[in-house]
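A closer look at the structure
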Amino acid sequence: MELTLFVDHQCNLRCTYCYTGEKFTRAMSTDTMRRAVDLALQQPMAHLDVSFFGGEPLLHRDLVRETVAYAEHAVQALPGRQPTLRFLMNTNATLLDDDAADMMSGPRAWTVFVSLDGAREAHDRHRVHASGKGSFDDVMAGLGRLRARKIPFQLVGVISTTTAAYLGEAVRTLAPMGATKVILSANFRDEWTEESVETLRGALREAGAVWKELFRQGTALALEPLHTKILTHLKGGIPCPSRCLMGGSEFCVAPSGRIYPCAQMVGEDTADELVIGTLDTGLIPARITELQTAKDRVETICEPCAIRDRCQSHCGCRHVALSGRLGEITATLCEIESAYIDAADEVAEELFEEQCPTFIDYYYKKSWVPARGGVLTQLRRSRDD
Ligand code: SF4
Ligand code: SF4
Ligand code: SF4
């Protein structure tokens, strides 16, 4: 179970592609946070991940501290088997000073997701302060503090039409930074033309070439989305239980107390059609079913598609980004997903063929849990399946 607290709509940056809408200050109150944690703890779960999102959550580190203390106390007070508790911070890292880093170090299980789009030029093109100044140097300073305290972090980069060409360079820049995972994902709100998708295809091949070299040099790095594309092949598709349940196994609470299926859908908190409850009403199962049904229209659209088991078409916030409506996608999704799959297969086929020891160890000897009914199979071209 994952509870996301959308701590504030305010942010200290003004990234040009920000999908969370206008910046305004509406901070989450302590009371809202407590009620959100209480609601989450009423759900059946073995783990509870409490994730901080915004806006920039580190604008409100007192609330973050209070949440940690409250959640730990509330979990301990539960009768019977207590869920394990983890904390996730989604941050632009520009406010990640010693105080913030100390807060996330120590015995508690924290993972920090840091937004970083690649090398300085690509990053500073979009991820800027209100003054227009790029934020690359500030992010580097924040990452240094995480590394010094051995706090695990993942790097999350946005691929825009204007930065797609720099993807190979992005992987080259991000790979040595010490992240446990590097996640690069396309901005589906961008206007992807035939030409920009072609640029992306070429850049994914270049990124794949950098990734292959890392494996050959003995470094196994989970590079998304290519990593998941290899796993979906090995596991025989994305298993239903791990498909997005639109609020079934995670939800996000806005400062207003309104509840959304996913943090990516909160925006300015005006999309009534995506709300699945409030802290006053609790989660409304009929709303969750309604949204799930709307989203699942995609299953019918995608039914005849050869790569449907490897495609992230089930992600509702991609539908919203592409078409503004759940259950409606556009050809952009197909083009970008098939580009991801082709790039992943090219890497996997080559490294499997040459029996690269790091690659084989990482994908075949680790205990990935196969999908229900799935088996780990030999890598083969998805196109030939
Ligand atoms: S750091 Fe995140 S919330 Fe802030 S402007 Fe950039 S994308 Fe938006
Ligand atoms: S590639 Fe397109 S049609 Fe195929 S599963 Fe993905 S979204 Fe659906
Ligand atoms: S809508 Fe997409 S990003 Fe959001 S929870 Fe579902 S799969 Fe994840």
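Quick notes on the site of ligand 1
Around ligand 1, the surrounding shell consists of Cys11, Leu13, Cys15, Cys18, Thr20, Lys23, Gly55, Asn92 and Arg127. Residues that form the shell around ligand 1 fall into these classes: 4 nonpolar, 3 polar and 2 charged.

Concerning the pairing of strand E3 (residues 84-91)
In this sheet, E3 lies alongside strand E2 (residues 47-53) in parallel orientation, the contact comprising 6 bridges. Residue pairing for E3: Ser51 is matched across the bridge by Leu88. As judged from the 5 bridges shared by E3 and strand E4 (residues 110-115), these two strands associate in the parallel manner. If you follow Phe87 over to E4, its bridge partner there is Trp110. Crossover connection from E3 via helix H3 (residues 98-103) to parallel E4: handedness right-handed.

Remarks on unusual backbone geometry
Gly54 connects to Gly55 through a cis peptide bond whose omega is 25 degrees. Structurally, Gly55 can be placed in the loop between E2 and helix H2 (61-76). A cis amide bond, omega 5 degrees, links Glu224 with the succeeding residue Pro225. Structurally, Pro225 is set in the loop between strand E7 (222-224) and helix H8 (226-234).

As for the packing of aromatic side chains
In this structure the tally under the stated criterion is 10 aromatic pairs. Their ring planes at 50 degrees and their centres at 5.0 Å tell us that Phe359 and Tyr363 sit as a pair that is tilted. One end of the pair is Phe359 and the other is Tyr363, both in helix H13 (residues 357-365) and 4 residues apart, which spans about a single turn. For the pair shown, Phe359 and Tyr363 are each scored as buried. Through successive ring pairs, a cluster of aromatic residues spans Trp211, Phe215, Phe359, Tyr362 and Tyr363.

A short note on the sheet that holds strand E1 (residues 2-6)
Within the open sheet, the 11 strands sit side by side as E7-E6-E5-E4-E3-E2-E1-E8-E9-E10-E11. Their pairing is mixed. Edge positions in the sheet fall to E7 and strand E11 (282-283), since each has one partner strand and no second. Here strand E9 (residues 258-260) runs beside strand E10 (residues 277-278); their pairing, made up of 2 bridges, is antiparallel. Bridge pairing links Ile259 to Gly277 in E10.

Re the site of ligand 3
The immediate surroundings of ligand 3 are formed by Cys244, Glu250, Cys262, Met265, Cys315, Gly316 and Cys317. When its residues are assigned to classes, the shell around ligand 3 shows 5 nonpolar, 1 polar and 1 charged.

Focus: the pattern of salt bridges
Pairing between side chains of opposite charge can happen when the charged atoms of each approach one another. If you walk through the whole model with that rule in mind, you get 29 salt bridges. Residue Arg201 pairs with Asp342 through a salt bridge whose shortest N-O separation is 3.0 Å. One end of the pair, Arg201, is in helix H7 (residues 194-216); the other, Asp342, is in helix H12 (residues 331-353), and 141 residues separate them in sequence. Accessibility expressed as a relative area gives 22% for Asp342, which makes it partly exposed. Connected through shared salt-bridge partners, Arg61, Asp62, Arg65, Asp97 and Asp99 make up one network.

Describing the nonpolar core
Trp211, Phe251 and Phe359 are the most contacted members of the largest nonpolar core, which totals 116 residues. The element contributing the most residues to this core is H12, with 10 residues. Beyond its immediate stretch of four places on either side in the chain, Phe251 contacts Met1, Glu2, Leu3, Thr4, Leu39, Ala40, Gln43, Ile259, Tyr260, Pro261, Ile276 and Leu283.

Brief notes about the side chain of Asp269
With respect to the element layout, Asp269 can be found in the loop between E9 and E10. A polar contact of 3.0 Å, which involves the side chain of Asp269, links it to the side chain of Arg258. Those residues in contact with Asp269 that lie beyond four places of it in its chain are His9, Arg26, Ala254, Ser256, Arg258 and Tyr260.

Examining the environment of Thr4
Assignment of secondary structure puts Thr4 in strand E1. Here Thr4 falls in the buried class, since its relative accessible area comes to 4%. Measuring from C-alpha to C-alpha, the distance between Thr4 and Ala263 comes to 6.6 Å, with 259 residues separating the pair along the chain. Look past the residues within four positions of Thr4 in its chain and what remains in contact with it is Ser51, Phe53, Phe251, Cys252, Val253 and Ala263.

Conventions and cut-offs
Residues numbered from 1 in each chain as written. Chains lettered and ligands numbered in written order. Predicted model: local features only at pLDDT ≥ 70, side-chain atom pairs only at ≥ 80, totals over all residues. Heavy atoms only, no water. Near = heavy atom within 4 Å. Nonpolar A, V, L, I, M, F, W, Y, C, P; charged D, E, K, R; others polar. Pairing = 2+ DSSP bridges. Helix = DSSP H or I, 4+ residues; strand = E, 2+ residues; numbered from the N terminus. Right-handed = clockwise from strand over helix to strand, strands pointing away. Phe/Tyr/Trp six-rings, centres within 6.5 Å; stacked < 30°, edge-to-face > 60°. Buried < 20%, exposed > 50% of the residue type's maximum accessible area, 1.4 Å probe, protein only. Salt bridge = Lys/Arg side-chain N within 4 Å of Asp/Glu carboxyl O. Core = buried A, V, L, I, M, F, W, Y, C linked by side-chain atoms within 4.5 Å. Contact = heavy atoms within 4.5 Å. Polar contact = N/O pair within 3.5 Å; in protein donor to acceptor, adjacent residues only side chain to side chain.

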